[in-house]
2 protein chains.
Amino acid sequence: MAQNQTTSRQKLDKLSDALNSGTLVDARRMLNGLAPGDVAHLLESSSPKFRHILWQMVDIEREGEILGELGDDLQAQFLEDMDAAEVKMLTVGLEDDDIADILQQLPGHVTREVLSAMDQQDRSRLERVMHYPDDVAGGLMNTDTITIRARLTLDVVLRYLRRHDTIPEMTDNLIVVNRSDQFIGLLSLRTLLVSDPATSVREMMSTDVEPIPVDMPDTEVARLFERNDWVSAPVVDGNGKLMGRITIDDVVDVIREDADRSLMSMAGLDEDADTFAPLARAAPRRTVWLGINLLTAFIASSFINLFQDTIEKVVALAVLMPIVASMGGVAGTQTLTLMVRGIAMGQVQRNNEFWLINRELSIGLLNGLLWASVVAVAASLWFNDWQLGVIIAAAMIINLVTAALTGALIPLLMSRAHIDPAIAGGVVLTTVTDVVGFVSFLGLATLFYA
Amino acid sequence: MAQNQTTSRQKLDKLSDALNSGTLVDARRMLNGLAPGDVAHLLESSSPKFRHILWQMVDIEREGEILGELGDDLQAQFLEDMDAAEVKMLTVGLEDDDIADILQQLPGHVTREVLSAMDQQDRSRLERVMHYPDDVAGGLMNTDTITIRARLTLDVVLRYLRRHDTIPEMTDNLIVVNRSDQFIGLLSLRTLLVSDPATSVREMMSTDVEPIPVDMPDTEVARLFERNDWVSAPVVDGNGKLMGRITIDDVVDVIREDADRSLMSMAGLDEDADTFAPLARAAPRRTVWLGINLLTAFIASSFINLFQDTIEKVVALAVLMPIVASMGGVAGTQTLTLMVRGIAMGQVQRNNEFWLINRELSIGLLNGLLWASVVAVAASLWFNDWQLGVIIAAAMIINLVTAALTGALIPLLMSRAHIDPAIAGGVVLTTVTDVVGFVSFLGLATLFYA
């Protein structure tokens, strides 16, 4: 079997060939034979021009599904040129949370137009999802739940299901509610299939699952899914009333974005930055980031400037000073990265942060002592000046301990102030390690050589 | 409902209080009332001493499940002190891939002992999974598949299922195989529940799903799951024979690790580093990383050393030179991070990498021109020397363009050589931007002021 089947990668390669050789009819047929996720991946992996050609070739009834799989950045680009009628058309057959995502990207008047063109039932269902920001449970949920009552027998449930044309995707549980629509428990399809049809839902349902509050932050929802290995989970309001359900496919997107956020923000990039964004979109944020860095670099320089006389006397100081600053930056970044990840995963809390700071300080001190000795020997031999060796060793120890302390404290303080430590942590850190590195090294040198 | 229920977070907080106040009996009861994933999270969020106390309090029959949820690093720590009999006991009731993970962490003789204590059937099933490294499909799979034949009617399938006590977790599809056990198609439980019992499996199964080859890398498996929104997928060998199935909970771990890998390796950390590792475990890798950085810092310094005479003449050069190097480092890191992520997500390929390099060069040039002008004015005014302004501007443009080129090329070349660009990319990059920054700035200055 396997060797006769073309894998999705091979299909993508073939499509690429067809496009490059200009056989557009073939390419179009192949493109529309791909899964929506594959088409989205292809769009995300293409340069703007190529991307535009591909999008033109997508069958109009598949546009919505494909759009739902794209990152926010790219979604916005394609939606930009659409009017309300086009948007309305592509929402057909999409899940509520995907439609809500799309509508939230549009200007207010287009959103209102699209909503008013929907029938009452669709509109009120959508408004329920759109009522919540897309970073809490309510914004992630769909309303396509199948609910049953506890007093039914499994046999009745089976017959009830058979009256459906389809069961929503990712349905692993039926949701048991009372007459006020409040969540009571879950009956898994797996249980339904192996149990005696004469037993009641009440006997077979599991009641030990906690439903997700509608206002729970999405990162916490993701952690619950990860820890409990859920495929789907019910969402309830403050009164325990069932609002909808969240499915693992949407949670996977949250996990991916979450993990990307730290990596991208630490380099001053947008977390869902489009890799192939055209120049005009890619440059601005990075330019601002460089500007901020320039400012901090000038601050560090102004400290060096205080020691002009000493440098003039001993030029070797200018040669060696970047080493002290650089080691502090690298050591601090290690601590910072570990803390940022620990905070993002909810591991670092008030009761254990003191232990962490302590350990980081110890590592800083140990590494400081070790590498300071190496640097001391190297510098003494290089410039044939043991004083220089002592000075740089002392500066290095001071800077590595400072780096550990700063790298640990910045993210703790920032997250306490509800600022994402990944975004600005690195800038603050390297400013501190540069300044402390230069000042300790040049300052000590001034004392010694004065 | 919701407000009467204690959420998992509240439970964790209560447990924490009980532990801190020393009421160990309460704490033990609470701990063993938590889901395995929650206990794992608690262990991962604790300092070594506290962790040891917690682990002692875990009911012995829950140890395996909890161990399965822990990161590799921590798993290894707990397994260290166990003998074969203890390991054997805790594997009871675990899934194959989790047992394989645990066994692969143990010394060879313990693994053999545990395996030989199992019955023939368990052992051969496990050996099938352990035959594959844990970063390919074969290492991720479980063997708990329910297979059916295409000629059966749905009614027969329903009765066949009812003979089971339970259906394996995360079963969304039954797997249809032929008499040689080769994969033919999938019959979803959802279809089974709504379709006419008189129809045959052949009529209702879907055959357009590609099974996963047993040797597919885990990151590619993860991408397939993400793009196709799968809950589980069948795994086949080269002859199309069904080997097992992969479930989304294991894929989520791959996605998480994958995303973590870039973040952590860029700072020279282990991707599944334990946040609360004791000093002796946390320090070594970071020490090595600092040593490598020290070497590169000395290389950069040796280039500064070439220009001692010029610096002695114009000390302002020493004051300003870190600015040029730092801007190059930051700009290069932005490009590098974007490329590392693009490569990790499979977006960057041969047919689009030229476009990307081109765009990065353009951004480098534009940012170079912009910030060079700003720096030129600032430096000229600061040191009242317009020559200095011209020199630093030229050096900054040279270094930002170099940074873009290096940041783009390093990850492309490394991934072509099958080296993870996240691991060493940053070191190579900053060495280049430091050297080019110092040499261009000091070199130009030597020409001007000579």
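Residues numbered from 1 in each chain as written. Chains lettered and ligands numbered in written order. Predicted model: local features only at pLDDT ≥ 70, side-chain atom pairs only at ≥ 80, totals over all residues. Heavy atoms only, no water.

Where an unreviewed UniProt entry is consulted, chain A appears under the name Magnesium transporter MgtE, with the organism given as Candidatus Marimicrobium litorale. Taken verbatim from the UniProt record of chain A, the Function (unreviewed entry) comment is "Acts as a magnesium transporter." Regarding chain A, the relevant UniProt record gives this comment under Sequence similarities (unreviewed entry): "Belongs to the SLC41A transporter family." (UniProt positions renumbered as here; feature names shortened; annotations may be inferred.)

In this section: the UniProt feature "transmembrane region" (unreviewed entry) in chain A. Under the UniProt annotation, the feature "transmembrane region" (unreviewed entry) is placed at residues 288–308, 314–340, 361–383, 389–410 and 422–449 of chain A. Here residues 389–410 of chain A is 100% helix and 0% strand, with 31 Å between the C-alpha atoms at its ends. (Helix = DSSP H or I, 4+ residues; strand = E, 2+ residues; numbered from the N terminus.)

Glancing now at the pattern of salt bridges. With the rule as written, the count across this model stands at 26 salt bridges over all chains. Put simply, Arg416(A) and Glu353(A) hold a salt bridge, and the shortest N to O gap is 2.7 Å. Here Arg416(A) is found in helix α21 (residues 386–416), whereas its partner Glu353(A) is found in helix α20 (residues 350–383), with 63 residues between them in sequence. The partner of Asp258(B) in a salt bridge is Arg261(B), with the nearest N and O atoms 3.3 Å apart. Within this pair, Asp258(B) and its partner Arg261(B) are both found in helix α16 (residues 248–266), separated by three residues, close to a single helical turn. Because the salt bridges share partners, they merge into one network encompassing Arg286(A), Arg359(B) and Glu360(B). (Salt bridge = Lys/Arg side-chain N within 4 Å of Asp/Glu carboxyl O.)

Let us now look at the relation of the copies chain B and chain A. The transformation that overlays chain B on chain A combines an axial shift of 0.0 Å with a rotation of 180°, and the residual RMSD is 0.1 Å. With respect to symmetry, the two chain copies, as superposed, fit the operation of a two-fold axis. Here 100% of the contact residues of chain B are again contact residues in chain A; the copies associate through an equivalent surface. (Least-squares fit on C-alpha atoms with pLDDT ≥ 70 in both. Contact = heavy atoms within 4.5 Å.)

Moving on to the layout of surface pockets. One number sums up the size of the second largest pocket: a volume of about 1,300 Å³. Around the second largest pocket sit 41 residues that line it, and Arg223(B), Ile343(B), Gly346(B), Val348(B) and Ser415(B) are the ones nearest its centre. Broken down by secondary-structure element, the contributors of at least two residues to the lining of the second largest pocket are α1 (8–20) and α3 (36–44) of chain A together with α15 (218–228), α16, α19 (316–344), α20 (350–383), α21 (386–416) and α22 (421–449) of chain B. Counting residues per element, the lining of the second largest pocket draws most heavily on α1(A), which supplies six residues. Tallied by class, the residues present in the lining of the second largest pocket amount to 15 nonpolar, 14 polar and twelve charged. (1 Å grid on protein atoms, 1.4 Å probe; cavity = no way out; pocket = protein on both sides within 12 Å on 5 of 7 lines; lining within 4 Å. Points joined across faces, edges and corners; volume = space filled by probe spheres on them. Nonpolar A, V, L, I, M, F, W, Y, C, P; charged D, E, K, R; others polar.)

All names here are of chain A. Judged by pairing direction, the sheet is mixed, and its three strands sit side by side in the order β1-β2-β3 without closing on themselves. Whereas interior strands pair on both sides, the edge strands pair on one side only; in this sheet they are β1 (147–148) and β3 (183–188). Relative to β3, strand β2 (residues 173–177) runs antiparallel, the two sharing five bridges. Residue pairing in the sheet places Val177 in a bridge with Phe183 of β3. (Pairing = 2+ DSSP bridges.)

Residues and elements named next belong to chain B. For α15, a buried count of eight out of eleven residues is recorded, marking the element as mostly surrounded by other parts of the structure. Among the residues of α15, those classed as buried are Asp218, Val221, Ala222, Arg223, Leu224, Phe225, Glu226 and Arg227. Just downstream of α15 lies Asp229, where phi reads positive at about 50°. (Buried < 20%, exposed > 50% of the residue type's maximum accessible area, 1.4 Å probe, protein only.)

The next subject is the interface of chain B and chain A. Contacts between the two partners involve 140 residues from chain B and, on the opposite side, 140 residues from chain A. Of the roughly 12,200 Å² buried at the junction of chain B and chain A (both faces included), carbon and sulfur atoms supply 62%. It is Leu193(B), Arg227(B) and Arg256(B) that lose the most area in chain B upon contact with chain A, and together they represent 7% of the buried surface on that side. For the pair chain B and chain A, the number of links is eight salt bridges. Residue classes in the side of chain B that touches chain A are distributed as 71 nonpolar, 42 polar and 27 charged. (Buried area = accessible area lost by both parts, 1.4 Å probe.)

All names here are of chain A. For chain A, the domain assignment lists domain 1 (2–135), domain 2 (147–266) and domain 3 (279–449). Placing the centre of domain 1 and that of domain 2 at their C-alpha centroids yields a distance of 27 Å. Across the boundary between the two partners, domain 1 contributes seven residues, which contact six residues of domain 2. Buried surface at the junction of domain 1 and domain 2, both sides included, amounts to about 540 Å², of which 40% is carbon and sulfur. One can count zero salt bridges joining domain 1 with domain 2. Applying the counting criterion to the domain 1 and domain 2 interface returns one residue pair in polar contact (both at pLDDT 80 or more). Residue composition of the side of domain 1 that touches domain 2, by class: one nonpolar, no polar and six charged. (Domains from an automatic or database assignment. Polar contact = N/O pair within 3.5 Å; in protein donor to acceptor, adjacent residues only side chain to side chain.)

Once that is clear, we can look at the sheet that holds strand β1 (residues 147–148) of chain B. Residues and elements named next belong to chain B. If you trace the three strands from one edge of the open sheet to the other, you get β1-β2-β3, paired in mixed fashion. In this open sheet, the two strands that pair with only one neighbour each are β1 and β3 (183–188). One ladder, built from two bridges, connects β1 with strand β2 (residues 173–177); its direction is parallel. Across the sheet, residue Ile148 finds its bridge partner in β2, namely Val176.

According to the stated counting rule, one finds ten aromatic pairs over all chains in the structure shown. Ring centres of Trp55(A) and Phe78(A) lie 4.3 Å apart, and the angle between their planes is 20°; on these two criteria the pair is classed as stacked. Here Trp55(A) is found in helix α4 (residues 48–57), whereas its partner Phe78(A) is found in helix α6 (residues 72–79), with 23 residues between them in sequence. With relative accessibility at 8%, the residue Trp55(A) sits in the buried group. Measuring from ring centre to ring centre gives 5.5 Å for Phe225(B) and Trp230(B), while their planes differ by 85°; the resulting arrangement is edge-to-face. In this pair, the class of Phe225(B) matches that of Trp230(B), namely buried. Among the aromatic residues, those joined into a cluster by ring pairs are Phe298(A), Trp382(B) and Phe383(B). (Phe/Tyr/Trp six-rings, centres within 6.5 Å; stacked < 30°, edge-to-face > 60°.)

Let us now look at the nonpolar core. Across soluble globular proteins, nonpolar side chains have a tendency to be buried as a group. Counting residues in each nonpolar core, the largest one holds 88 residues, and the members touching the most others are Leu320(A), Phe441(A), Leu320(B) and Phe441(B). If we ignore the near neighbours within four places in the chain, the residues touching Phe441(A) are Leu317(A), Leu320(A), Met321(A), Val324(A), Ile391(A), Ile392(A) and Ala395(A). Val136(A), Met243(A), Ala137(B) and Val235(B) belong to the second largest nonpolar core, which has 62 residues in total. (Core = buried A, V, L, I, M, F, W, Y, C linked by side-chain atoms within 4.5 Å.)

For the rest of this paragraph, the subject is the packing of helix α2 (residues 24–31) of chain B against helix α4 (residues 48–57) of chain B. All names here are of chain B. Where α2 meets α4, the closest approach of the two axes is 9 Å, and the angle between their N-to-C directions is 70°. Taken as axis vectors, α2 and α4 run roughly perpendicular relative to one another. Residues Leu24, Ala27, Arg28 and Leu31 of α2 lie in contact with α4, whose contacting residues are Leu54, Gln56 and Met57. (Axes fitted to C-alpha atoms, helices over the stretch in contact; angles between N-to-C directions. Parallel < 35°, antiparallel > 145°, perpendicular 65-115°, else oblique.)

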